[in-house]
Amino acid sequence: MTLFYPPDEAFGRLRDRDQQAGWLLTAAPADLDRCESGIRRHLHLTGHHEALPCLDRMLRAFRSPRRADGGLADLVGYSIACGRLARVRDGLMPLGMGEWWP
């Protein structure tokens, strides 16, 4: 029997930064939006503070008005957030967290 956990509960079972970053990169935008408070709480509790600005930037990109062709208006900001999470997932430090972010 396969168990299904709500997205924030499934995220809450992850303890490593690399697993959390990988989950954030592969989660559906609707799951990030719906479970934002649970995800944010878990990131605070586990001390994964570098993922919070990335989560903010991703959600801001999803919630902002779209371009005429339906694409993300803030594609560059979204791509930077994903790139920083990918570095964390790969065991590296995210670059430039204090410069202009978010």
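Because the structure is a prediction, the values reported are computed rather than measured.

Cut-offs applied
- Residues numbered from 1 in each chain as written.
- Predicted model: local features only at pLDDT ≥ 70, side-chain atom pairs only at ≥ 80, totals over all residues.
- Heavy atoms only, no water.
- Core = buried A, V, L, I, M, F, W, Y, C linked by side-chain atoms within 4.5 Å.
- Buried < 20%, exposed > 50% of the residue type's maximum accessible area, 1.4 Å probe, protein only.
- Helix = DSSP H or I, 4+ residues; strand = E, 2+ residues; numbered from the N terminus.
- Phe/Tyr/Trp six-rings, centres within 6.5 Å; stacked < 30°, edge-to-face > 60°.
- Salt bridge = Lys/Arg side-chain N within 4 Å of Asp/Glu carboxyl O.
- Contact = heavy atoms within 4.5 Å.
- Expected span 1.5 Å × (residues − 1).
- Disulfide = S-S within 2.5 Å.

## Let's talk about the nonpolar core
- Grouped together as the largest cluster of nonpolar side chains are 24 residues, with contacts concentrated most on W23, L24, L32, I39 and M58.
- Of all the secondary structure elements, the ones that give two or more residues to this core are α2 (17-26), α4 (36-46), α5 (51-63) and α6 (75-89).
- Per element, the largest residue contribution to this core is 8 residues, and it comes from α5.

## Details of the packing of aromatic side chains
- Using the criterion set out here, one finds 2 aromatic pairs in the structure.
- Relative to W23, the ring of F11 has its centre 4.9 Å away and its plane inclined at 50 degrees; by these criteria the two rings are tilted. With a gap of 12 residues between them, F11 in helix α1 (residues 7-12) and W23 in helix α2 connect regions that are remote in the sequence. Of the two residues, F11 and W23, both sit in the buried class.

## A word on the pattern of salt bridges
- Summed over the entire model, instances satisfying the criterion amount to 9 salt bridges.
- R40 serves as the salt-bridge partner of E36, at 2.8 Å between the closest nitrogen and oxygen. On the criterion of helical spacing, the pair formed by E36 and R40 is a turn pair, its members being 4 residues apart in helix α4.
- Of the charged contacts, one joins R63 and E36 as a salt bridge, the two residues approaching to 2.7 Å between their closest N and O atoms.

## Regarding α2
- All of the buried residues along α2 are Q20, A21, G22, W23 and L24.
- Against the buried residues of α2 lie α1, α3 (29-34), α4, α5 and α6.

## Describing α5
- Relative to the 18 Å expected for 13 residues at 1.5 Å per residue, α5 spans 18 Å between its end C-alpha atoms, a close match to the ideal helical length.
- A large share of α5 lies buried, amounting to 10 of its 13 residues.
- Of all the positions in α5, only A51, L52, P53, C54, L55, R57, M58, L59, A61 and F62 are classed as buried.
- Looking at the packing, one finds that the buried side of α5 touches α2, α3, α4 and α6.

## Concerning the state of the cysteines
- Inspection of every chain in the model, using the stated rule, returns 0 disulfides.
- As a non-bridged cysteine, C54 has C82 as the owner of its nearest cysteine sulfur, 8.4 Å distant.

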